[in-house]
Amino acid sequence: MAKIHVNTTINGEPTEFLCDPNDTLLNVLRYNLELTGTKEGCGSGDCGACSVTVNDRLVCACLVLGAEAEGAEVGTIEGVAEANQLSVIQTKFLEHAALQCGICTPGLIVSTQELLKENPKPTEEEARYFLAGNLCRCTGYDKVIKAVMDSAETLRGEA
Amino acid sequence: MAVVEYKVPQSLEEAVAMLSSGDQATKVLAGGTDLIIQAKAQNTDPLVVVDIKKINTMMGASIDGSGLTLGPSMPCAEFTAREDIKAVFPGLVEAAYLIGSTQVQGRCSVGGNLCNASPAADTIPALICNGAQCVIVGPNGERTVAAEDFVTGVAQNCMQQGELLKSIQIPQPAAKTSDAYLRFIPRTEMDIAVAGAGVSITLDDAGVCTAARVCIGAVAVTALLVPAAADALIGSTIDDAALQAAAEAASAASKPITDRRGTAEFRRHVVGVLTKRAAKIAADRAKEK
Ligand code: FES
Ligand code: FES
């Protein structure tokens, strides 16, 4: 099977890779590019562990083909921290102990970043609906939502 | 997973040529939220995918005095953010919003939901109640099929190999017309309809219903247009008696099955309740116009 040569941008860096037609973007990120921060939970669009942005839109990387990244801007968890400085959202997840095993965490943080970009002052209900596609099998969401609401407040300069 | 070739046409003509050629199974890739899952299933045949997202008309939407022209592959996240469309077809936008998570919304589309032809698809009753027309292009030119005739069975639509859904057209509704779509799910989010109902209502200045379309979903092999339910509403002021008659007509027309998400009896009842409530919401909206 002929490999496809893809030119893309990942976290602001021009990147090229070779993939098979049947490789998902998730597998390309994890196995071809060794960006293993993006996780695989279900592989079927149900859990959100693989959440990334493609052209500023939140998507499941397990439901995107690697070849579709041609010419696109991809954002992953690896692009969230600024240099060695954790982002506000990352810090709040730690402060609120909003993680246990951590498999859902990169996806939740990428999704939370998109939520707060779209809606800097979400109600708890809006946050829960927005993040309904990010499943966590350990923490039970309460701490996650506390971290999200606290992040929103902090980013608005209210806390 | 079985995708063996990935093709990117730049025009509709090129897409049709790619979809018509070759002896391997060839499918249109839009958001992939159904197709990629299906392709990942074990033992699927080798699949050629044709990614139509570079064709601008597939991805945009315009609304003017003649109605809505919708690019079938426009991501729902973009579609549901369109206030101009929501102002005219709030029920259709609500139905699109109900598909999947935020992540899925980023890729899934109304056209994809239609072509995938699940009996529980949320946008199909909303399209049918609004009189949507499906414009299909293929090797022999173009043809137009009413949304209620587009889906022919579970996961089956009327398109032949080589054909592509090019646009979805909804004529501009008459004055004082609006729509609503409701579904029942046992959870509050991230679920598949157990029953659904889309209703479009036109009122006159006195508040009397002059036209209506009722379509029910997830209670038969395909979404069903229910003229008897519409007839129960036409001529009324959408009073309780008319709503009750419409609910009974919808329940009577349904042909539900029992599965792990609901019994046939429950679905038959609930689809009536949803019809009644959606008709009320559509009528209230129509009054505001
Ligand atoms: S791995 Fe993509 S949604 Fe679960
Ligand atoms: S911390 Fe384990 S899945 Fe969320």
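Since this is a predicted model, take the numbers as computed values, not measurements.

Criteria and cut-off values
- Residues numbered from 1 in each chain as written.
- Chains lettered and ligands numbered in written order.
- Predicted model: local features only at pLDDT ≥ 70, side-chain atom pairs only at ≥ 80, totals over all residues.
- Axes fitted to C-alpha atoms, helices over the stretch in contact; angles between N-to-C directions.
- Helix = DSSP H or I, 4+ residues; strand = E, 2+ residues; numbered from the N terminus.
- Parallel < 35°, antiparallel > 145°, perpendicular 65-115°, else oblique.
- Left-handed = near helix turned anticlockwise from the far one by under 90°.
- Contact = placed C-beta atoms within 7 Å.
- Nonpolar A, V, L, I, M, F, W, Y, C, P; charged D, E, K, R; others polar.
- Buried ≥ 20, exposed ≤ 12 C-beta atoms within 10 Å, placed from the backbone.
- Pairing = 2+ DSSP bridges.
- Domains from an automatic or database assignment.
- Core = buried A, V, L, I, M, F, W, Y, C linked by C-beta atoms within 7 Å.
- Expected span 1.5 Å × (residues − 1).

**Q** Kindly report on the packing of helix α12 (residues 240–253) of chain B against helix α13 (residues 264–287) of chain B, identifying the contributing residues and their values.
**A** Residue and element names in this part refer to chain B. Between α12 and α13, whose axes approach to 8 Å, the crossing angle comes to 140°. Viewed along their axes, α12 and α13 adopt a mutual orientation that is oblique. Two packed elements cross with a definite hand, and for α12 against α13 that hand is right-handed. Note on element contacts: α13 touches α12 through Arg268, His269, Val271, Gly272, Val273, Thr275, Lys276, Ala279 and Lys280, opposite Leu243, Gln244, Ala246, Ala247, Glu248, Ala250 and Ser251.

**Q** How would you explain the interface of chain A and chain B if you had to name every residue and give the values?
**A** Between chain A and chain B, the residue contacts involve 23 residues of the former and 22 residues of the latter. When residues of the side of chain A that touches chain B are traced back to their parent elements, those giving at least two are β4 (57–60) and α4 (124–130) of chain A. The element best represented in the side of chain A that touches chain B is β4 of chain A, accounting for 4 residues. For the side of chain A that touches chain B, the residue count by class is 13 nonpolar, 8 polar and 2 charged.

**Q** I'd like to hear about unusual backbone geometry, residue by residue, with values.
**A** All names here are of chain B. Positive phi, normally seen in glycine, also occurs at alanine 117, with a value near 60°. By the secondary structure assignment, alanine 117 is in the loop between α8 (110–116) and α9 (123–129). Despite not being glycine, lysine 176 has its phi angle at roughly 50°, a positive value. Following the sequence through the fold, lysine 176 ends up in the loop between β10 (164–171) and β11 (177–184). When the 20 C-beta atoms within 10 Å are taken as the criterion, lysine 176 is described as buried.

**Q** Outline the sheet that holds strand β14 (residues 224–225) of chain B, listing residues and values.
**A** Residues and elements named next belong to chain B. The antiparallel open sheet is built from 4 strands, whose spatial order is β11-β12-β13-β14. Edge positions in the sheet fall to β11 and β14, since each of these pairs with one other strand and no more. Note that strand β13 (residues 209–217) and β14 share 2 bridges and pair antiparallel. By the bridge assignment for β14, isoleucine 216 is matched with leucine 224. Across the sheet, helix α6 (residues 90–97) is in contact with β11 and β12 (195–203); its angle to β11 comes to roughly 25°.

**Q** Kindly report on the domain arrangement of chain B, identifying the contributing residues and their values.
**A** Entries for chain B in the domain assignment read domain 1 (3–54), domain 2 (56–171) and domain 3 (177–284). Here the C-alpha centre of domain 3 of chain B lies 36 Å away from the C-alpha centre of domain 1 of chain B.

**Q** I'd like a description of the nonpolar core, backed by residues and values.
**A** For soluble globular proteins, nonpolar side chains are generally found buried alongside one another. Of all hydrophobic cores here, the largest spans 138 residues; its most connected members are Ile201, Val214, Val226, Ala246 and Ala250 of chain B. The element best represented in this core is α13 of chain B, accounting for 9 residues.

**Q** Run through helix α3 (residues 105–118) of chain A, naming residues and quoting values.
**A** For α3 of chain A, which comprises 14 residues, the first-to-last C-alpha distance of 20 Å matches the rise-based estimate of 20 Å (1.5 Å per residue) to within 8%. A large share of α3 of chain A lies buried, amounting to 12 of its 14 residues. Looking at α3 of chain A, one finds that the buried residues are Thr105, Pro106, Gly107, Leu108, Ile109, Val110, Ser111, Thr112, Gln113, Glu114, Leu115 and Leu116 of chain A. Structurally, α3 of chain A contributes buried residues whose contacts are with β3 (51–54), β4, α2 (88–95), α4 and α5 (142–155) of chain A together with α7 (102–105) of chain B.

**Q** Residues and numbers for the domain arrangement of chain A, please.
**A** Residues and elements named next belong to chain A. Per the domain assignment, the segments of chain A are domain 1 (4–79) and domain 2 (88–155). Put simply, the middle of domain 1 and the middle of domain 2, counted by C-alpha atoms, are 21 Å apart. At the interface, 13 residues of domain 1 touch 11 residues of domain 2. Here the element with the most residues in the side of domain 1 that touches domain 2 is β3; it accounts for 3 residues. Residue classes in the side of domain 1 that touches domain 2 are distributed as 6 nonpolar, 6 polar and 1 charged.

**Q** Could you give me a rundown of the environment of glutamine 90 of chain A, with the residues and numbers involved?
**A** Residue and element names in this part refer to chain A. Checked against the element boundaries, glutamine 90 lands in helix α2. A sequence separation of 23 residues divides glutamine 90 from glutamine 113, and the C-alpha atoms of the two residues are 9.7 Å apart. What glutamine 90 contacts, discounting residues up to four positions off in sequence, is Val80, Ala81 and Ile109.

**Q** Account for the packing of α3 of chain A against α5 of chain A, naming residues and giving values.
**A** Residues and elements named next belong to chain A. The contact between α3 and α5 brings their axes to 11 Å, and the two run at 40°. Of the possible angle classes, the one that applies to α3 and α5 is oblique. The two elements α3 and α5 cross, and the hand of that crossing is right-handed. Contacts between α3 and α5 pair Leu108, Thr112 and Leu116 from the former with Val144, Val148, Ser151, Ala152 and Leu155 from the latter. Looking at side-chain class alone, the contact of α3 with α5 contains 6 nonpolar, 2 polar and no charged residues.

**Q** Break down the pairing of strand β6 (residues 133–138) of chain B for me, with residues and values.
**A** All names here are of chain B. Two strands pair when backbone bridges link them, and β6 and strand β7 (residues 141–146) are joined in this way by 6 bridges, in the antiparallel orientation. Counterpart to isoleucine 136 in the pairing with β7 is arginine 143. Judged from the 5 bridges that link them, β6 and β10 form a sheet pairing that is antiparallel. Note that in β10 the partner of valine 135 across the bridge is serine 167.

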